[in-house]
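Next come the chains, spelled out residue by residue.
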Amino acid sequence: MKNQDVKSEVVESEKSVSKLMLVFLIPLMLSNAMQSVGQLAGSIIVGRALGVDALAAISAFFPLFFLLVSFSIGIGSGSSILIGQAYGAQNEKRVKEIIGTTLTFTFLVGIVLAVLGSIFAPDILRIMGTPANIIDVTVHYARILFVAIPVLFLYFVYTTFMRGTGDSKTPFYFLVVSTVLNIIFLPILIFGWIGVPKLGVYGAAYATVFSTVLTFIIMIIYLRKKNHPLKFDSSISLKMDGTLLKLLMRLGIPASINMILVSLSEIAVITFVNGFGSDATAAYGAVNQVASYVQMPAISLGIAVSIFAAQSIGANKFERLKEVIRSGIMLNYVIGSVLILLIYLFSNQILALFLTSQHTLRIAEELLVITLWSYLIFGHAQIITATMRASGTVLWPTVFSIMAIWCVEVPVAYVLSQFTSLEIKGIWIGYPAAFVVSLILQYSYYQFVWKKKKIERLVG
């Protein structure tokens, strides 16, 4: 009877963790979807109203902007782990200290990037190979966003603070506000409606700035009115704590580097794809759109598992980590399988939204068949990695992730596409190969090294 009671408690505990994780996960996934909607709306308005050159000017700056944002996302993910642990330990004072240190550090770095970016924008964009016919417009567009980077960074990291306490709903609500404001501002600023000067393509940059800054102000006011645990008030000291700053760097910098190297690997892969002609490039672009939605649950689950694990460590409930991992893996395979199955069933209709050429459609469908299933493996690896990161173990998981990309994905894609009869199909095989190797490396380290370590709180 006692064994049955214990088993029953474990099952109930896992159910409660799965339920809590799902409640946290839904707003997080909707947030990612909402960001995609906002980007899509901006591209449609600029592309259709202002033409290909205007859209190209925005697109040319996007990789650079993504690299800069990657830094704030990395620091934000580091702070969410620290906040998760301090919140789990019910140490409100420490939570406020983490917020103050992160805000000050992020703002100062944002100012440095804003100044350097504004000065060196023309040189950076030329090095990136920006076409001569759009470089002046792209530089002007870039400088508008560079100047706003300090405030944009503050908004990004503040949303990660809230997720660190287990609140994914509030960031989602304000992302909706930001997206709606951006869509409202876009035509007003681009076309000069209601007496506003006509700004053309620069209106898109100002729309991003105004919507984000205004949303950030509204969010700070809202948190104070609601007496949210993370409200910005006099209890938050903006003086940087040296110990906390070192922890932030230790947790955040590897995550930022990983994101940067992932984006660089995509540049390498698209170079291989481009060698097979414009149809292949178009197919790659369409499948990337679809794959981004398939990745969403896996990436969101990684964030959820990291925060739940951090809170468990903070509360000294180390036995709960197994439940967090099991729940994350179960949700990954259930949600991911349903999504992937639906896309496989309706792949032609989905891809036809982006592509009109039957030849290009066939290439894209081949890519989906070869790669899509492997995103379940990707999600599994994300959950193992997120658990280790929650305890402060970030170096080796990051190294393994980079190795899977640069020692497996890129070489496999190159060799199979250039030196075998597989040709373009060889590029697609690089993705599942990298995901499988990544899971093997991450799980091996988790099983044989991490589980034998003594897990301790990083903050008390």
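The rules behind these values
- Residues numbered from 1 in each chain as written.
- Predicted model: local features only at pLDDT ≥ 70, side-chain atom pairs only at ≥ 80, totals over all residues.
- Heavy atoms only, no water.
- UniProt positions renumbered as here; feature names shortened; annotations may be inferred.
- Helix = DSSP H or I, 4+ residues; strand = E, 2+ residues; numbered from the N terminus.
- Rg over C-alpha atoms; globule rule 2.2 N^0.38 Å.
- Buried < 20%, exposed > 50% of the residue type's maximum accessible area, 1.4 Å probe, protein only.
- Contact = heavy atoms within 4.5 Å.
- Areas by Shrake-Rupley, 256 points an atom, 1.4 Å probe, with all protein chains shown as cover.
- Lys, Arg positive; Asp, Glu negative; His and termini not counted.
- Charge placed at Lys NZ, Arg CZ, Asp CG, Glu CD.
- Axes fitted to C-alpha atoms, helices over the stretch in contact; angles between N-to-C directions.
- Parallel < 35°, antiparallel > 145°, perpendicular 65-115°, else oblique.
- Left-handed = near helix turned anticlockwise from the far one by under 90°.
- Nonpolar A, V, L, I, M, F, W, Y, C, P; charged D, E, K, R; others polar.
- Core = buried A, V, L, I, M, F, W, Y, C linked by side-chain atoms within 4.5 Å.
- Domains from an automatic or database assignment.
- Buried area = accessible area lost by both parts, 1.4 Å probe.
- Salt bridge = Lys/Arg side-chain N within 4 Å of Asp/Glu carboxyl O.
- Polar contact = N/O pair within 3.5 Å; in protein donor to acceptor, adjacent residues only side chain to side chain.
- pLDDT = per-residue confidence, 0-100.

- As annotated in an unreviewed UniProt entry, the chain carries the name MATE efflux family protein and comes from Priestia megaterium.
- For the record of the chain, the UniProt heading Subcellular location (unreviewed entry) holds the text "Cell membrane".
- We quote the UniProt Sequence similarities (unreviewed entry) comment for the chain here in full: "Belongs to the multi antimicrobial extrusion (MATE) (TC 2.A.66.1) family."

**Examining the overall build of the chain**
So, point 1. Counting its secondary structure elements, the chain contains 14 helices and 0 strands.
So, point 2. Secondary structure elements in the chain, listed N-terminal to C-terminal, are α-α-α-α-α-α-α-α-α-α-α-α-α-α.
So, point 3. At 23 Å, the chain has a C-alpha radius of gyration in line with the 23 Å of a compact globule built from 460 residues.
So, point 4. The principal-axis extent of the C-alpha atoms belonging to the chain is close to 70 × 60 × 35 Å.
So, point 5. Burial status across the chain gives 51% buried among its 460 residues.
So, point 6. Restricting to contacts in the chain with at least 6 residues of sequence separation, those with at least 24 account for 81%.
So, point 7. About 21200 Å² of surface is accessible on the chain, with carbon and sulfur atoms providing 67% of the total.
So, point 8. Looking at charge distribution, the chain has the averaged site of its 32 positive side-chain charges lying 8 Å from that of its 21 negative ones.

**Digging into the packing of helix α11 (residues 358–371) against helix α14 (residues 424–448)**
So, point 1. In the contact formed by α11 and α14, the axes pass within 9 Å of each other and the chain directions differ by 30°. For the element pair α11 / α14, the angle class is roughly parallel. When the axes of α11 and α14 are compared, the crossing they make is right-handed. In contact with I363, E366, L367, I370 and T371 of α11, α14 contributes I424, K425, W428, I429, Y431 and P432.
So, point 2. Its residues placed into classes, the contact of α11 with α14 shows 8 nonpolar, 1 polar and 2 charged.

**Overview of the environment of I26**
So, point 1. Here I26 lies in helix α1 (residues 2–50).
So, point 2. Separated by 143 residues in sequence, I26 and K169 have C-alpha atoms that sit 8.7 Å apart.

**Brief notes about the nonpolar core**
So, point 1. By size, the foremost hydrophobic cluster in this structure holds 91 residues, and its most contacted members are M21, F61, I99, F146, Y158, F161 and M219.
So, point 2. Among the elements that make up this core, the one with the highest residue count is helix α4 (residues 135–164) (17 residues).
So, point 3. Looking at which domains feed residues into this core, each of domain 1 (17–240) and domain 2 (251–452) gives three or more.
So, point 4. Setting aside residues no more than four positions away along its own chain, I99 makes contact with I83, F161, L230 and I236.
So, point 5. Listed in part, the 36 residues of the second largest apolar core include L368, I377, F378 and A413.

**Re unusual backbone geometry**
Keep in mind that most residues, glycine aside, have a negative phi and that most peptide bonds are trans.
So, point 1. Even without being glycine, N227 reaches a positive phi, approximately 55°.
So, point 2. Along the chain, N227 falls in the loop between α6 (202–225) and α7 (242–274).
So, point 3. Looking at N227, the relative accessible area reads 52%, which means it is exposed.
So, point 4. Look at N316: it is not a glycine, yet its phi comes out positive at around 60°.
So, point 5. Position of N316 among the secondary structure elements: in the loop between α8 (278–314) and α9 (320–345).
So, point 6. Accessibility expressed as a relative area gives 43% for N316, which makes it partly exposed.

**What about the domain arrangement of the chain?**
So, point 1. The assigned domain composition of the chain is domain 1 (17–240) and domain 2 (251–452).
So, point 2. Between domain 1 and domain 2, the C-alpha centre-to-centre distance is 24 Å.
So, point 3. Each partner contributes residues to the interface: domain 1 has 32 residues there, and domain 2 has 35 residues.
So, point 4. A buried area of about 2800 Å², summed over both sides, lies between domain 1 and domain 2, and 75% of it is on carbon and sulfur atoms.
So, point 5. Area buried by domain 1 at its contact with domain 2 is led by V17, M21 and I81, which between them contribute 22% of it.
So, point 6. The tally of links between domain 1 and domain 2 comes to 0 salt bridges.
So, point 7. For the pair domain 1 and domain 2, the interface holds 6 residue pairs in polar contact (both at pLDDT 80 or more).

**Focus on the confidence of the model for the chain**
So, point 1. When pLDDT is averaged across the chain, the result is 85; 93% of the residues are at 70 or more.
So, point 2. Averaged over each element, pLDDT in the chain is lowest for α1 (68) and highest for helix α12 (residues 375–390) (94).
So, point 3. A low-confidence stretch, residues 1–14 stays under pLDDT 50, and its non-local contacts, those more than four residues away or across chains, total 5 contacts.

**Some remarks on the packing of α4 against α6**
So, point 1. Closest axis-to-axis distance for the α4/α6 pair is 9 Å, and the angle between their directions is 20°. Classed by the angle they form, the pair α4 and α6 counts as roughly parallel. By crossing handedness, the relation of α4 to α6 is classed as left-handed.
So, point 2. Among the residues forming the contact of α4 with α6, the class breakdown is 21 nonpolar, 5 polar and no charged.

**Considerations on the side chain of S31**
So, point 1. With respect to the helices, strands and loops of the structure, S31 is situated in helix α1.
So, point 2. Accessibility expressed as a relative area gives 2% for S31, which makes it buried.
So, point 3. The contacts of S31, once residues within four sequence positions are left out, are R163, F172 and L175.

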